[in-house]
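Each chain, letter by letter, is given below.
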Amino acid sequence: CELSRFARAFDAVSRRLGAPLPACADLGAPVVVSVVEDGAGGQFWTRVFHGRRGFPTVIQSHMGFLGPSGLEEILGPGLAMAVRLETSENGLHFVSGGYALALGRWRLPLPGWLGPGAMRLDHLERGEHEFAVVLTLTHPWFGRVLSQTCVFHDTAAQNSSASLSRDQPIAHSP
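These lines cover the structure that appears in this document, whether it is placed above or below. Owing to the predicted nature of the structure, the values given are computational and were not obtained by experimental measurement.

## Quick word on the pairing of strand 9 (residues 118-125)
- Inspection of the sheet shows strand 7 (residues 91-103) paired to strand 9 by five bridges, in the antiparallel sense. Directly across from phenylalanine 94, in strand 9, lies its bridge partner leucine 121.
- Of the pairings in the sheet, the one linking strand 9 to strand 10 (residues 130-139) comprises eight bridges and is antiparallel in character. Residue glutamate 125 lies in a different strand from strand 10, and its bridge partner there is phenylalanine 131.

## Side note on the pattern of salt bridges
- As enumerated under the stated definition, the model contains six salt bridges in all.
- One salt bridge in this structure joins aspartate 122 and arginine 120, with 2.9 Å as the shortest N-O distance.
- Here glutamate 130 makes a salt bridge to arginine 126, at a shortest N to O gap of 3.2 Å.
- Linked by salt bridges that have partners in common, Arg84, Glu86, Arg120 and Asp122 make up one network.

## As for the nonpolar core
- By size, the foremost hydrophobic cluster in this structure holds 16 residues, and its most contacted members are Leu79, Met81, Tyr99, Met119, Leu137, Val145 and Leu146.
- The set of elements that each furnish at least two residues to this core consists of helix 1 (5-14), strand 6 (79-87), strand 10 and strand 11 (143-156).
- If you look at the next biggest cluster of nonpolar residues, it comprises seven residues, including Val31, Phe49, Cys150 and Phe152.

## Some points on the packing of aromatic side chains
- If you walk through the whole model with that rule in mind, you get three aromatic pairs.
- Their ring planes at 5° and their centres at 5.1 Å tell us that phenylalanine 131 and phenylalanine 152 sit as a pair that is stacked. Of this pair, phenylalanine 131 sits in strand 10 while phenylalanine 152 sits in strand 11, placing them 21 residues apart in sequence.
- When the ring of tryptophan 141 is compared with that of phenylalanine 142, the centres are 6.4 Å apart and the planes differ by 65°; the resulting orientation is edge-to-face.
- Among the residues examined, tryptophan 141 registers a relative accessible area of 60% and is labelled exposed.
- A connected cluster of aromatic rings, assembled from ring pairs, spans Trp113, Trp141 and Phe142.

## A word on the environment of glycine 76
- Mapped onto the elements of the fold, glycine 76 is located in the loop between strand 5 (72-75) and strand 6.
- With a relative accessible area of 29%, glycine 76 lands in the partly exposed category.
- Through-space distance from the C-alpha of glycine 76 to that of histidine 62 is 8.2 Å; in sequence the pair is 14 residues apart.

## A short note on the environment of leucine 137
- Assignment of secondary structure puts leucine 137 in strand 10.
- Each C-alpha atom, one on leucine 137 and one on valine 95, is 10.0 Å from the other, the two residues being 42 residues apart in sequence.

## What to know about the side chain of aspartate 122
- Note on placement: aspartate 122 falls in strand 9.
- Take aspartate 122: its relative accessible area is 3%, and that puts it in the buried class.
- Engagement of the side chain of aspartate 122 in a polar contact is seen with the side chain of histidine 93, the distance being 2.6 Å.
- Of note is the side chain of aspartate 122, whose polar atom sits 2.9 Å from the side chain of arginine 120.

Criteria and cut-off values
- Residues numbered from 1 in each chain as written.
- Predicted model: local features only at pLDDT ≥ 70, side-chain atom pairs only at ≥ 80, totals over all residues.
- Heavy atoms only, no water.
- Pairing = 2+ DSSP bridges.
- Helix = DSSP H or I, 4+ residues; strand = E, 2+ residues; numbered from the N terminus.
- Salt bridge = Lys/Arg side-chain N within 4 Å of Asp/Glu carboxyl O.
- Core = buried A, V, L, I, M, F, W, Y, C linked by side-chain atoms within 4.5 Å.
- Buried < 20%, exposed > 50% of the residue type's maximum accessible area, 1.4 Å probe, protein only.
- Phe/Tyr/Trp six-rings, centres within 6.5 Å; stacked < 30°, edge-to-face > 60°.
- Polar contact = N/O pair within 3.5 Å; in protein donor to acceptor, adjacent residues only side chain to side chain.

Encoded structure:
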């Protein structure tokens, strides 16, 4: 995992919005992801990034069918991100389509420079019961602010766990 100086500053300020950036946990440290249906067609996501010291970083969000792209993730109590879904032979690809401050169903669009950057999350199959999640954020002024790869091992039908690994040569779609 790599966080730029801009990402560290943005993370410090944005923790008031629910810590939308994943912590750079120690390599090999566990990452736990929990997904629960909300009863209205969406999902609540909780991601727990453990480190070797201190308390884990917890990121909570809601993924639902709202916003300009039809798919929207709300991070913490107020940062909404429109999400576009793409598919390829390698897997699923989630690409941001802009950010807004969210108050209920009301949205105040943010200019690109004010958000964390263009997000791309690749969900890539790596064989039976294993997949990688590659997350990158690229800011229009500050360049790449985050690069993270997690390899998940499906431990049971209802339970997945992961650990952070160094960026590995994983096939990305163009």
